[in-house]
Amino acid sequence: MSLSCFDLSVVYGQRTALDHFSLTLEKGEVRALIGPNGSGKSTALHALAGLIKPAKGKAVVGDMPVASMSRRVLARELAFLPQQPTAPDEMTVAQLVRQGRYAHVGLFGSYGPEDEKAIDWALESTGLSALADRSLQQLSGGERQRAWISAALAQQAGILLLDEPTSFLDIGYQVEVLDLVHRLSRERGVTVVMAIHDINQAIAVSDRISLLEKGKLRFDGRPDELAETELVQQIFRVKGRFVRMSAESPPHFDVELARLRETTA
Ligand SMILES: Nc1ncnc2c1ncn2[C@@H]1O[C@H](COP(=O)(O)OP(=O)(O)O)[C@@H](O)[C@H]1O
Ligand SMILES: [Mg+2]
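Residues numbered from 1 in each chain as written. Chains lettered and ligands numbered in written order. Predicted model: local features only at pLDDT ≥ 70, side-chain atom pairs only at ≥ 80, totals over all residues. Heavy atoms only, no water.

1. Focus on the pairing of strand β7 (residues 159–163)
Quick reminder of the rule: Classification of residues uses two cut-offs on accessible area relative to the type maximum, computed with a 1.4 Å probe and protein chains only: under 20% is buried, over 50% is exposed, and between them is partly exposed. Helix and strand assignments come from DSSP, with helices taken as H or I runs of at least 4 residues and strands as E runs of at least 2, each series counted from the N terminus. Strands are treated as partners if at least two bridges between them are detected by DSSP.
Counting buried positions along β7 gives five out of five residues, so the element sits mostly inside the fold. Here β7 shows two buried faces, one formed by I159, L161 and D163 and the other by L160 and L162. When strand β6 (residues 78–81) meets β7, the two strands line up parallel, connected through four bridges. When the sheet's bridge partners are listed, F80 is paired in β7 with L161.

2. A closer look at the environment of I34
Tracing the backbone shows I34 in strand β3 (residues 30–34). It is 11 Å that separates the C-alpha atoms of I34 and I235, two residues lying 201 residues apart in sequence.

3. Thoughts on the side chain of T43
Inclusion rule: Pairs of N or O atoms are called polar contacts if they sit within 3.5 Å, as long as, within protein, a hydrogen donor faces a hydrogen acceptor (for residues adjacent in sequence, only side-chain-to-side-chain pairs).
If you trace the backbone, T43 turns up in helix α1 (residues 41–48). The buried category is assigned to T43, whose relative accessible area is 10%. Polar side-chain contacts of T43 include one of 3.4 Å to the side chain of Y12.

4. A closer look at the coordination of the magnesium ion (ligand 2)
In plain terms, the rule: We call an atom a donor if it is N, O or S and sits within 2.8 Å of the metal, or 3.2 Å for Na, K and Ca. Water is not counted, so some sites may look partial.
For the magnesium ion (ligand 2), every protein donor is listed as S42 (OG) and Q83 (OE1), and the spread of their distances is 2.1 to 2.3 Å. Residue S42 is located in helix α1, and its partner Q83 is located in the loop between β6 and α3 (93–99); the two are separated by 41 residues in the primary sequence.

That is the geometry; function is a separate question.
See below:
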């Protein structure tokens, strides 16, 4: 499913959190949303998911404006994992993941074989089958994060919006989540927008990158094009450079930390 938004602006009180933001994704594209804290990444995802009403502009799923779709109809097309999702502590992993199917189950909430299959697949894809009966409060931060990813996967929507899905995960699970995102896009044609802090992970997993600063889109293009600019250094106020291990390998942002080492030595 394609996803786009045009000229989206979101205002909180006096503050413009998102300023004329546009984005177009083809089916199966992976887009990384990067930018400093407070630059509007979560706001953009909420607006795409139809969870905040923009002051201006619109989001479109396929050829339907998000604002015209009911929650249930939208949930069949689009799954959103917020940055800090909440659920009752007593809820089990299996219950949470089952909730991901709510848009699919019938009026009387009966789960069919298709639903069970989707739930099993979602648990397995996130390595949680053995923990299905644990309550959320009995999980580590990383396991809980995976349980939420699993619930989003169970929804089996054509569009997946993920807000910093790898935070709280150790590097092994970070790579696993990125690998899963890559496979969903390539094997199932899932369209993904993911807010992510790690520039190199963004480069590795995405077809295109959108870079936000103070609610404004500063860059929209391929990772190798971003590496040709000085925008990362300017916007994040860091010293560093893009390097390549070989001509074929993707650019890698090498941030300068030597100064810190000098002062602590
Ligand atoms: N519910 C809210 N009410 C008021 N201001 C908000 C709200 N949510 C976010 N903001 C502000 O909007 C800006 C963008 O926030 P956010 O989208 O969360 O950024 P990011 O996800 O890139 O860190 C920030 O200045 C933040 O303080
Ligand atoms: Mg955020």
